[in-house]
Amino acid sequence: MTNSFPLCFSYKNGQAYLGDISLKDVVAEYGSPLYVLDSQTIIHNCQQFLDPLASSYPKSRVLYACKANLTLGIAQFLYRLGMSFDVSSGGELFTLIQADIPHDSIYFHGNNKSHSELQLAIDYGVTIIVDNLQELTNIVHLTIHNKPVRVMLRIKPEIDAHTHDYIKTGQLDSKFGIQKQDFEHFFKLFQSHSCVEFVGLHCHIGSQIFDTKPYYELVDSMMPFMSYLVKDLGLEISEFNCGGGMGISYLEGDSPFDIRTFMVDFTHYITEQFSLFSIPCPTLLFEPGRSIIGSAGITIYKVGAVKHIQDVKTYVFIDGGMADNIRPLLYDASYRFDKLHKKNLALQSYSIAGKFCESGDVLAYDVLLEEVSVGDYLLVFSTGAYNYSMASNYNRNCRPAMVMVDGLSIVPLLSRETYEDLIRFDKQLNG
Ligand code: LLP
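Residues numbered from 1 in each chain as written. Predicted model: local features only at pLDDT ≥ 70, side-chain atom pairs only at ≥ 80, totals over all residues. Heavy atoms only, no water.

1. Comments concerning the sheet that holds strand E2 (residues 15–18)
Item 1. Pairing is antiparallel across the open sheet formed by three strands, whose spatial order is E1-E2-E3. Looking at the sheet topology across the chains shown, the edges are occupied by strand E1 (9–12) and strand E3 (21–22).
Item 2. Bridging between E2 and E3 involves two bridges; their strand directions are antiparallel. Within E3, the position partnered with Leu-18 by the bridge is Ile-21. (Pairing = 2+ DSSP bridges. Helix = DSSP H or I, 4+ residues; strand = E, 2+ residues; numbered from the N terminus.)

Written as structure tokens, this is what we have:
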């Protein structure tokens, strides 16, 4: 079982550390709120996928789902670890291009890619994961006088992964993906347009999944269909993407499955199934985001005030909140909190409220912490995924900085925004 702390996290004499780096020193240098990533946790999380696959299914690739958290430095760091990438917008793709990630390591998702996004993808030569017939038609038009493009089709496996409604994607009524029964329309386009090279199928069942069963159901649902494509239509399925969604631990009681074990068992099952259906084993792709970077992250906030409401509750006001972590409000997500500096005091109950003008801007209610005073720093764990990437400038606040602690060095990944940044695109009225 994994926990919600980065691997290198510990308290030494009551002070929080990542390895030998004191988080007090990090926040003194970079300010708060601050996103901090632990490089060792990211490395470990990648190895959970890459190592077992190297022996149990070498014809495989692990794509990092950039939507979880992306900066130039994160992309470069992950690429050096052997990761490939999936992007879901032109902006994410542009970031990877600027990070010098090679085209053949990138797969492009999205249910409504614009012409300019498709053009960028085709020009750079990435694989496009097609969501609907209109998109394939658009690609065909864009490739007419152009170079060939590799495409995969996103298929709805039509199974239901048990997770929050907003983050499940494999079921029939999902906005994502193509129904198997509609494949013939796509097939016709592949047959008549040789520029568009069909390389395989993609499925993604949802996110923050704690049970391995739906992944096996996904395979069971796809095997007869793949067999039909290969045997009846004469297509080659050279790549099969089983998506991401592997859950992580946010709270003590969370029990995500062990990824190492799953990779071995799942690839055995895949090998077995392809042999049972007598079709060649494809290159297998996975695209985890949260399970690569979520547990590596800590957010550090500074306490600006403590408000006691007699017989009701005590609020701790922090210098961030819903704009740098929308997940509690959006998904009822819960996190572990602690103090940066602990002094062995008795625990008290606090509600952690953000600084934004919204009553709902409370990251957590009734958290037990040692006595909190103005000027203290709070830590929120498992904030590496979908915190910065979903951050906003609500109330015209600046988004936090991000650093990665890598052994003895602190690697800046993102500068803190400034007020100047906030008005960068504003236009003054003339006269
Ligand atoms: N592949 C596809 C096609 C996806 O849509 C996603 C996530 C992933 C891979 C990566 O899933 P992961 O391994 O990170 O669970 N904002 C939500 C999560 C939305 C996930 C969207 N798609 C959250 O904060 O929980």
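What follows picks up the thread again.
2. Some words on the sheet that holds strand E9 (residues 149–154)
Item 1. Strand order in this closed barrel of eight strands is E5-E6-E7-E8-E9-E10-E11-E12, and the pairing throughout is parallel. Adjacent strand axes in the sheet meet at a mean angle of 30 degrees, parallel and antiparallel pairs treated alike.
Item 2. When strand E8 (residues 127–130) meets E9, the two strands line up parallel, connected through three bridges. Residue pairing in the sheet places Ile-128 in a bridge with Val-151 of E9.
Item 3. Of the strands in this sheet, E8, E9 and strand E10 (196–202) are in contact with helix H6 (residues 133–143), which crosses E8 at around 150 degrees.
Item 4. Across the face of the sheet, helix H9 (residues 259–276) comes into contact with strand E11 (239–241) and strand E12 (283–286) while running at roughly 140 degrees to E12. (Axes fitted to C-alpha atoms, helices over the stretch in contact; angles between N-to-C directions. Contact = heavy atoms within 4.5 Å.)

3. Quick look at the domain arrangement of the protein
Item 1. Assigned domains within the protein: domain 1 (9–38 + 294–422) and domain 2 (109–288).
Item 2. Each of domain 1 and domain 2 was reduced to a C-alpha centroid, and the two centroids are 36 Å apart.
Item 3. Summed over both sides, the interface between domain 1 and domain 2 buries roughly 850 Å², with carbon and sulfur atoms accounting for 60% of that surface.
Item 4. Three residues, Tyr-331, Arg-336 and Ser-382, lead the burial of domain 1 against domain 2; their summed loss comes to 51% of the area buried on that side.
Item 5. At the junction of domain 1 and domain 2, the tally comes to zero salt bridges.
Item 6. Here domain 1 is connected to domain 2 by one residue pair in polar contact (both at pLDDT 80 or more). (Domains from an automatic or database assignment. Buried area = accessible area lost by both parts, 1.4 Å probe. Salt bridge = Lys/Arg side-chain N within 4 Å of Asp/Glu carboxyl O. Polar contact = N/O pair within 3.5 Å; in protein donor to acceptor, adjacent residues only side chain to side chain.)

4. Looking at helix H1 (residues 23–30)
Counting along an α-helix, one turn takes 3.6 residues, and residues three or four places apart therefore face a common direction.
Item 1. Inspection of H1 places Leu-23, Val-26 and Val-27 among the buried residues, and these make up the whole buried set. Summarising the axial view, the buried residues of H1 lie within an arc of 90 degrees, below the 170-degree limit, and thus occupy one face. When the buried face of H1 is taken as reference, the exposed residues oriented beyond 90 degrees from it are Ala-28 and Glu-29.
Item 2. The distance from a side-chain oxygen at the start of H1 to the backbone nitrogen of Lys-24 is 3.1 Å, and the residue carrying that oxygen is Ser-22.
Item 3. Remark: Gly-31 follows H1 within two positions and exhibits a positive phi of approximately 80 degrees. (Buried < 20%, exposed > 50% of the residue type's maximum accessible area, 1.4 Å probe, protein only. Arc of directions from axis to C-beta.)

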